[in-house]
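Remarks on the overall topology
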Amino acid sequence: MTFNFDQWVDRSHSDSVKWNKYKQRDVIPLWVADTDFISPPAVIEALHKRVSEGVFGYGTLPAELTDLLVERMKNRYGWQIAPHWLVYLPGVVCALNLAVRAFTTEGQVCITPSPIYPPFSQAVTLANRTQLQAPLVKSADRWVMDFNALDGQLTGNEKLLLLCNPQNPGGTVYRREELEQQHKFAQQHNLVVCSDEIHSDLILDSDIHHIPFAALNPDAEQRAITLISPSKTFNLAGLGASVAIIANDELRRKFIRQQKGIIPSVNILAYVAAIAAYRDGESWLREQIAYLRDNRNWLVQRINAMPGLSMVSPEGTYLGWIDASGLAVDNPYSFFLQAGVALSPGKDFGDDRFIRINFGCTRALLEQALQRMETAILSLN
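An account of the accompanying structure is given in this report. (Residues numbered from 1 in each chain as written. Predicted model: local features only at pLDDT ≥ 70, side-chain atom pairs only at ≥ 80, totals over all residues. Heavy atoms only, no water.)

**Overview of the overall build of the chain**
Stated formally: Helix and strand assignments come from DSSP, with helices taken as H or I runs of at least 4 residues and strands as E runs of at least 2, each series counted from the N terminus. Based on C-alpha atoms, the radius of gyration is set beside the globule rule, defined as 2.2 Å times the residue count to the power 0.38. Working definition: with a 1.4 Å probe on protein chains only, accessible area under 20% of the residue-type maximum means buried, over 50% means exposed, and in between means partly exposed. A 1.4 Å probe and the Shrake-Rupley method give the accessible areas. Residues count as covered only by the protein chains that appear here. Only four residue types enter the charge count, namely Lys and Arg as positive and Asp and Glu as negative; His and the chain termini do not. Note that the charge is assigned to NZ on lysines, CZ on arginines, CG on aspartates and CD on glutamates.
Scanning the chain for helices and strands turns up 13 helices and 14 strands. For a compact globule of 381 residues, the expected C-alpha radius of gyration is about 21 Å, and the chain comes in at 21 Å, within 12% of that figure. Principal-axis analysis of the C-alpha atoms gives the chain an extent of 60 × 60 × 40 Å. A total of 381 residues make up the chain; the buried ones form 58% of that total. When the accessible surface of the chain is summed, it comes to about 16,500 Å², and 49% of that surface belongs to carbon and sulfur atoms. Computed over 35 positive and 40 negative side-chain charges, the separation of the two mean positions in the chain equals 4 Å.

Here's what the structure looks like:
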């Protein structure tokens, strides 16, 4: 089956957060991380079937979803997980907040990459914990963590390491030796590791493979909370279905204790969508990745040809991290917004010299946005 990712869906008059933010303005929104693609037909069909039942009372966790996830981890990564390791949640962001509160106390330190997806830092701040940032540095056109930068800053009060792989916003897919370095650091400092792997299905290069942090070795597995979701993979973010994989019984109990009475169960339609996506969405996913790869290649070429801009080629996700430090403007986000392109401000991620672009859209829309950006840059001269 061939899927049409060039198909335009007008979301400007819908409930879309992405499109409503700049409603009734001539602005192309390429910011928040959902795509403009229609979800897999199997998902839509399954939802129609469930909705046609007409009754939406309390639901139970479908055993089929657990079976699918256990099989998926085994087939994709050779990682044998047990069904009782899975903790279902309505989102990865709430899982980040649970991890901070479950595995640290006030005054203790969480280590996060920088730049990083904003909810990482927000989770630390909201829980009144202290944050220590491990900077990302560019090495061979990839963004990697520099643990050496933390020398002299560690006090022994660090308890939690928050990771993101594939990295958001940098797009890096960490290699085994890089993950082993992260594990060595966590082991040396006796850290619990929460690894956000929500983009792990979106690897854009066929010679690169995602490796779950917890699948590295038995010690990594026992200190890890792995967060995954079909939401980015199959454009289901508005439904809210995610899972934490926690092998260690004590860590899992602490995590669930924080959840009780505060975090609701996953809703019944999200379960239906997740099952259909994981069971029947692989051919759609393969074609989406091919489309995103072409978007990525074209985007990188265009951005690096624009005066004052540069970006490395993201290995995973549909997000690009653009260095605008060479642009003669005070605020790159505001500059491009005035030109009719809404990107994510780098300040939110920890570096206001950058902007993040979402290329999970039709090629025609991406072309229109890049043309506006190029015209705006040329107007500076």
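Past the structure itself, the notes keep going.
**Digging into the sheet that holds strand β11 (residues 319–323)**
For the record, the criterion: Any two strands between which DSSP finds at least two bridges are classified as paired.
Taken together, the 4 strands give an open sheet; going across it, the order is β10-β11-β14-β13, and neighbouring strands pair in antiparallel fashion. With partners counted over all chains shown, the strands left at the sheet margins are β10 (310–311) and β13 (344–345), one partner each. Taken together, the 5 bridges between β11 and strand β14 (residues 354–358) define a ladder with antiparallel strand orientation. Looking across to β14, one finds that glycine 320 is bridged to isoleucine 357.

**Focus: the pattern of salt bridges**
Cut-off, in case you're wondering: Salt bridge, as used here, is a side-chain nitrogen of Lys or Arg placed within 4 Å of a carboxyl oxygen of Asp or Glu.
By the definition in use, this model includes 22 salt bridges. Of the charged contacts in the structure, one is a salt bridge between arginine 372 and aspartate 26, with a shortest N-O distance of 2.8 Å. Of the two residues, arginine 372 is situated in helix α13 (residues 363–378) and aspartate 26 in the loop between α1 (17–20) and β1 (28–29); the sequence distance between them amounts to 346 residues. Take arginine 372: its relative accessible area is 18%, and that puts it in the buried class. The partner of arginine 279 in a salt bridge is glutamate 64, with the nearest N and O atoms 3.0 Å apart. Taken together, the residues span a long stretch of sequence, with arginine 279 in helix α10 (residues 268–280) and glutamate 64 in helix α3 (residues 63–77) at a distance of 215 residues. By relative accessible area, arginine 279 is classed as partly exposed at 42%. Linked by salt bridges that have partners in common, Arg11, Lys18, Asp34 and Asp36 make up one network.

**Considering unusual backbone geometry**
Backbone torsion omega between asparagine 165 and proline 166 reads -5 degrees, so that peptide bond is classified as cis. Following the sequence through the fold, proline 166 ends up in the loop between β6 (158–164) and α6 (176–188). The omega torsion of the bond from asparagine 168 to proline 169 falls at 25 degrees, within 30 degrees of zero and hence cis. For proline 169, the location among the structural elements is in the loop between β6 and α6. Although it is not a glycine, glutamine 24 sits at a positive phi angle of roughly 65 degrees.

**As for the sheet that holds β6**
The criterion, for reference: Think of each axis as a best-fit line through the C-alpha atoms, taken over the contacting stretch in the case of a helix, with angles from 0 to 180 degrees between the N-to-C directions. We call two residues in contact whenever any of their non-hydrogen atoms come within 4.5 Å of each other.
The 8 strands are arranged β2-β9-β8-β7-β6-β3-β4-β5 in an open sheet whose pairing can be described as mixed. In the strand order of this sheet, the two ends are held by β2 (86–89) and β5 (143–145), each with one partner. Within the sheet, the average angular offset between the axes of one strand and its neighbour, ignoring direction, is 25 degrees. Pairing between strand β3 (residues 109–114) and strand β4 (residues 130–138): 6 bridges, direction parallel. Along β4, the bridge assignment pairs threonine 112 with glutamine 133. Each of β2, β8 (224–228) and β9 (242–245) is contacted by α3, which is oriented at about 120 degrees to β2, the strand it contacts most.

**A look at the nonpolar core**
Threshold: We call a set of buried residues a nonpolar core when its members are Ala, Val, Leu, Ile, Met, Phe, Trp, Tyr or Cys and they connect through side-chain atoms within 4.5 Å of each other.
Of all hydrophobic cores here, the largest spans 106 residues; its most connected members are Leu30, Leu161, Ile303, Leu309, Phe336 and Met373. Tallying contributions element by element places α10 first for this core, with 9 residues. With 30 residues, the next largest nonpolar core counts Ala95, Phe120, Ile198 and Leu251 among its residues.

**Details of the pairing of β3**
Our working rule: Whether a crossover is right-handed depends on one test, that the path from the first strand over the helix to the second runs clockwise when the strands point away from the viewer.
Judged by how many residues are buried, β3 sits mostly within the fold: 6 of 6 residues are covered. Side chains Val109, Ile111 and Pro113 of β3 all project onto a buried face; the interleaved residues Cys110, Thr112 and Ser114 project onto the opposite face, where all are buried too. At this point the chain moves from β3, through helix α5 (residues 118–126), to the parallel β4, and the crossover so formed is right-handed. Pairing of β3 with β6, which is carried by 3 bridges, proceeds in the parallel orientation.

**A closer look at the packing of helix α11 (residues 282–304) against α13**
Going by this rule: In this scheme, roughly parallel covers angles under 35 degrees and roughly antiparallel covers those over 145, while 65 to 115 is roughly perpendicular and the rest are oblique. Three categories are distinguished: nonpolar for Ala, Val, Leu, Ile, Met, Phe, Trp, Tyr, Cys and Pro, charged for Asp, Glu, Lys and Arg, and polar for the others, with Gly belonging to the last.
Where α11 contacts α13, the two axes come as close as 11 Å, and the packing angle between them is 10 degrees. Relative to α13, α11 is oriented roughly parallel. Taken together, the residues of α13 that come into contact with α11 (itself represented by Tyr291, Asp294, Asn295, Trp298, Leu299, Arg302 and Ile303) are Arg363, Leu366, Glu367, Leu370, Gln371, Met373 and Glu374. Looking at the contact of α11 with α13, its residues break down into 7 nonpolar, 2 polar and 5 charged.

**Observations regarding the packing of helix α4 (residues 92–103) against α5**
Spelled out, the test is: By convention the crossing between two helices is left-handed if the near helix lies anticlockwise of the far one by an angle smaller than a right angle, and right-handed if it lies clockwise.
Orientation of α4 relative to α5, taken along the N-to-C sense of each, is 40 degrees, at an axis distance of 9 Å. In terms of orientation, α4 and α5 fall into the oblique class. Crossing hand, α4 versus α5: right-handed. Where α4 abuts α5, its residues Val93, Leu96, Asn97, Val100 and Arg101 lie against Pro119, Phe120, Ala123, Val124 and Leu126. Partitioning the contact of α4 with α5 into residue classes produces 8 nonpolar, 1 polar and 1 charged.

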